[in-house]
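What follows is each chain in one-letter form.
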Amino acid sequence: MRQVWEYEIAGGVKARGIFMRFSDRGGTDVTYWFHRLGEDGVTPIVGSNGGSTIDSVSGARLKEARCVGALPAP
């Protein structure tokens, strides 16, 4: 199962993404990385070059982020 999270990106816009990984360098410096989902809420956004749209979320935005569900593994 892949966790789906809702979080805020630049400009206060809400986005949904599939949790990829996190980095923790000790202390309070934690970052979560997400594949951003398209408007259907299921399919990751893929750019014209074949790459995924990836968001990094940390600090206050990460504190407000929440897990909203799960998708089956591909």
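Structure shown above.
Please read these numbers as outputs of a predicted model, since none were measured by experiment.

1. Things to note about the environment of Tyr-7
Turning to step 1, where the next piece is worked out: Assignment of secondary structure puts Tyr-7 in strand S1 (residues 2-9).
Turning to step 2, where the next piece is worked out: On the accessibility criterion, Tyr-7 (1% relative accessible area) is buried.
Turning to step 3, where the next piece is worked out: Expressed as a C-alpha distance, the spacing of Tyr-7 and Val-68, which sit 61 residues apart in the sequence, is 10.0 Å.
Turning to step 4, where the next piece is worked out: Setting aside chain neighbours within four positions, we find Tyr-7 in contact with Val-13, Lys-14, Ala-15, Arg-16, Gly-17, Phe-34, Arg-36, Asp-55, Val-57 and Ala-65.
Turning to step 5, where the next piece is worked out: Only 2.6 Å separates the side chain of Tyr-7 from the side chain of Asp-55, close enough to count as a polar contact.

2. As for the sheet that holds strand S2 (residues 13-24)
Hydrogen bonds along the backbone pair up the strands of a sheet, which may run parallel or antiparallel.
Turning to step 1, where the next piece is worked out: The strand order S4-S3-S2-S1-S5 describes an open sheet built from 5 strands, whose pairing is antiparallel. The open sheet is flanked by strand S4 (54-58) and strand S5 (66-71), the only strands paired with a single partner. Taken pair by pair, the neighbouring strands of this sheet meet at an average axis angle of 45 degrees, ignoring direction.
Turning to step 2, where the next piece is worked out: As paired strands, S2 and strand S3 (residues 30-36) are joined by 7 bridges and run antiparallel to one another. Counted as the bridge partner of Phe-19 is Phe-34 from S3.

3. As for the packing of aromatic side chains
Turning to step 1, where the next piece is worked out: With the rule as written, the count across this model stands at 7 aromatic pairs.
Turning to step 2, where the next piece is worked out: An angle of 15 degrees between the planes, with centres 4.5 Å apart, marks the rings of Tyr-7 and Phe-34 as stacked. Of this pair, Tyr-7 sits in strand S1 while Phe-34 sits in strand S3, and the two are 27 residues apart along the sequence.
Turning to step 3, where the next piece is worked out: A relative accessible area of 0% means that Phe-34 is categorised as buried.
Turning to step 4, where the next piece is worked out: Taken together, the aromatic side chains of Trp-5, Tyr-7, Phe-19, Phe-22, Tyr-32 and Phe-34 make up a single cluster linked through ring pairs.

4. A few points about the pattern of salt bridges
Turning to step 1, where the next piece is worked out: Evaluation of the coordinates by the stated rule reveals 4 salt bridges.
Turning to step 2, where the next piece is worked out: When the shortest N-O distance is used, the salt bridge between Glu-6 and Arg-66 registers 3.1 Å. Remark: Arg-66 occurs in strand S5 and Glu-6 occurs in strand S1; sequence separation between them is 60 residues.
Turning to step 3, where the next piece is worked out: Owing to a relative accessible area of 46%, Arg-66 belongs among the partly exposed residues under this scheme.
Turning to step 4, where the next piece is worked out: Across the pair Arg-61 and Glu-8 runs a salt bridge whose closest N-O atoms are separated by 3.8 Å. With a gap of 53 residues between them, Arg-61 in helix H1 (residues 59-64) and Glu-8 in strand S1 connect regions that are remote in the sequence.
Turning to step 5, where the next piece is worked out: The exposure class assigned to Arg-61 is partly exposed, which follows from its relative accessible area of 36%.
Turning to step 6, where the next piece is worked out: Classification of Glu-8 as partly exposed rests on a relative accessible area of 29%.
Turning to step 7, where the next piece is worked out: When salt bridges that share partners are traced, they join Glu-6, Arg-16 and Arg-66 into one network.

About the criteria used
- Residues numbered from 1 in each chain as written.
- Predicted model: local features only at pLDDT ≥ 70, side-chain atom pairs only at ≥ 80, totals over all residues.
- Heavy atoms only, no water.
- Helix = DSSP H or I, 4+ residues; strand = E, 2+ residues; numbered from the N terminus.
- Buried < 20%, exposed > 50% of the residue type's maximum accessible area, 1.4 Å probe, protein only.
- Contact = heavy atoms within 4.5 Å.
- Polar contact = N/O pair within 3.5 Å; in protein donor to acceptor, adjacent residues only side chain to side chain.
- Pairing = 2+ DSSP bridges.
- Axes fitted to C-alpha atoms, helices over the stretch in contact; angles between N-to-C directions.
- Phe/Tyr/Trp six-rings, centres within 6.5 Å; stacked < 30°, edge-to-face > 60°.
- Salt bridge = Lys/Arg side-chain N within 4 Å of Asp/Glu carboxyl O.

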